[in-house]
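Secondary and tertiary structure notes
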Amino acid sequence: MLGVDGVMHLLHPLTEDCSQIHAHVKWPNDILIEERKICGMLIENQLKGDQVETCVVGIGLNVNQRTFSDFDWEGTSMALELGRIINREEVLHRLIEAIKVRVTQMQQSDQLEFDFKERLFGVGKKILFQGQNDLFEAEVVGVESDGRLILSKDGEEMKFLNGEIKLRRTSS
């Protein structure tokens, strides 16, 4: 959650300056602006027993990219959203500072979890998911502390780990 949240914290001024831009976390590790992917992350934890000993976070943030390959989600970039070239070194500096701020906040409160859920894509909406053998609609409820996505389908709560389902698109 910390890597995703750090990027969301970085993008906060972008979304504050432009009220028409709405950034959301797409479970488990992407950030969308209006259903277009602006960022993806890979997170690898090294465990010692049941404790995280180290964590490596790779962040791919589209800064000045203008064209994108055809993937499941249309791409966007900071430059496309703001209509100007962005200084990548400034973005890197701001991202590092945003992560530092959030690490401190994480150690002092539950604000990180609250903010994550508040920005989670699909909360309260019907979303289309690809299961192992079928497509189904469900509403996003939240994310467990172990990273499982919590869905509600026909009043029944379901939980999924990354890789068990794939989020497709909003259906309404």
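Predicted model, so just to flag it, every value in this text is computed and none were measured. (Residues numbered from 1 in each chain as written. Predicted model: local features only at pLDDT ≥ 70, side-chain atom pairs only at ≥ 80, totals over all residues. Heavy atoms only, no water.)

**Examining the pairing of strand 7 (residues 149–153)**
Across four bridges, strand 6 (residues 135–143) lies against strand 7 in antiparallel orientation. Of the residues in strand 7, the one forming a bridge with Val140 is Leu151. Here strand 6 hands over to strand 7 after five residues, with Gly147 in that stretch at a positive phi of 95°. Count of turn residues in the strand 7/strand 8 (residues 156–160) antiparallel hairpin: two residues, of which Asp154 carries a positive phi of about 50°. (Pairing = 2+ DSSP bridges. Helix = DSSP H or I, 4+ residues; strand = E, 2+ residues; numbered from the N terminus.)

**Topic: the packing of aromatic side chains**
Under the criterion given, the structure shown has three aromatic pairs. Measuring from ring centre to ring centre gives 5.9 Å for Trp73 and Phe121, while their planes differ by 85°; the resulting arrangement is edge-to-face. With Trp73 in the loop between strand 4 (51–61) and helix 2 (78–82) and Phe121 in the loop between helix 4 (111–118) and strand 5 (126–130), the pair connects residues that are 48 residues apart, well separated along the chain. Exposure class is identical for Trp73 and Phe121. Each is buried. Cluster of aromatic residues (ring-pair linked, three or more members): Phe129, Phe136 and Phe160. (Phe/Tyr/Trp six-rings, centres within 6.5 Å; stacked < 30°, edge-to-face > 60°. Buried < 20%, exposed > 50% of the residue type's maximum accessible area, 1.4 Å probe, protein only.)

**So, the pattern of salt bridges**
Counted under the stated rule, the structure contains ten salt bridges. Residue Glu81 is joined to Arg36 by a salt bridge in which the shortest nitrogen-to-oxygen separation is 2.7 Å. Taken as a pair, Glu81 in helix 2 and Arg36 in strand 3 (residues 36–48) lie far apart in primary sequence, 45 residues in all. Assessed through its relative accessible area of 16%, Glu81 is described here as buried. Glu144 is paired through a salt bridge with Lys159; the nearest N and O atoms lie 3.3 Å apart. Of this pair, Glu144 sits in the loop between strand 6 and strand 7 while Lys159 sits in strand 8; the two residues are 15 residues apart in sequence, bridging distant segments of the chain. Among the residues examined, Glu144 registers a relative accessible area of 23% and is labelled partly exposed. For Lys159, a relative accessible area of 33% translates into the label partly exposed. Bridged by salt links that share partners, the residues Glu144, Arg148, Glu157 and Lys159 form one connected network. (Salt bridge = Lys/Arg side-chain N within 4 Å of Asp/Glu carboxyl O.)

**Notes on the pairing of strand 2 (residues 30–33)**
Covered by surrounding structure in strand 2 are Asp30 and Leu32 together with Ile31 and Ile33, the residues of both alternating faces. The antiparallel pairing of strand 1 (residues 23–26) with strand 2 creates a hairpin that spans three residues between the two strands.

**Some thoughts on the nonpolar core**
Core analysis: the biggest nonpolar cluster contains 18 residues, and Phe129, Phe136, Val140, Leu149, Leu151 and Ile165 have the highest contact counts within it. Every element with two or more residues in this core is listed here: strand 5, strand 6, strand 7 and strand 8. Ranked by the residues each element gives to this core, the list is headed by strand 6, at three residues. Beyond its immediate chain neighbours, meaning those up to four positions away, Val140 contacts Leu120, Phe121, Gly122, Val123, Gly124, Lys125, Ile127, Phe129, Leu149, Ile150 and Leu151. Grouped together as the second largest cluster of nonpolar side chains are twelve residues, Ala23, Val63, Ala79 and Ile86 included. (Core = buried A, V, L, I, M, F, W, Y, C linked by side-chain atoms within 4.5 Å. Contact = heavy atoms within 4.5 Å.)

**Regarding the sheet that holds strand 2**
Taken in spatial order, the four strands make up an open sheet running 1-2-3-4, and their pairing is antiparallel. At either end of the open sheet lies a strand with only one pairing partner, and these are strand 1 and strand 4. This sheet shows a mean twist of 25° between the axes of neighbouring strands, independent of strand direction. (Axes fitted to C-alpha atoms, helices over the stretch in contact; angles between N-to-C directions.)

**Description of helix 3 (residues 88–108)**
Compared with the 30 Å implied by 1.5 Å per residue over 21 residues, the 30 Å span of helix 3 between its first and last C-alpha is a close match. Listing the buried residues of helix 3 in full gives Val91, Leu95, Ala98 and Arg102. Down the axis of helix 3, the buried set is contained in an arc of 65°. They therefore lie on one face. Those residues of helix 3 that are exposed and angled more than 90 degrees off the buried face are Glu89, Leu92, His93, Gln107 and Gln108. Between the side-chain oxygen at the start of helix 3 and the backbone nitrogen of Glu89 there is a gap of 2.9 Å, and the oxygen is on Asn87. (Expected span 1.5 Å × (residues − 1). Arc of directions from axis to C-beta. Polar contact = N/O pair within 3.5 Å; in protein donor to acceptor, adjacent residues only side chain to side chain.)

Fair warning: the whole summary comes from geometry, so function is off the table for now.
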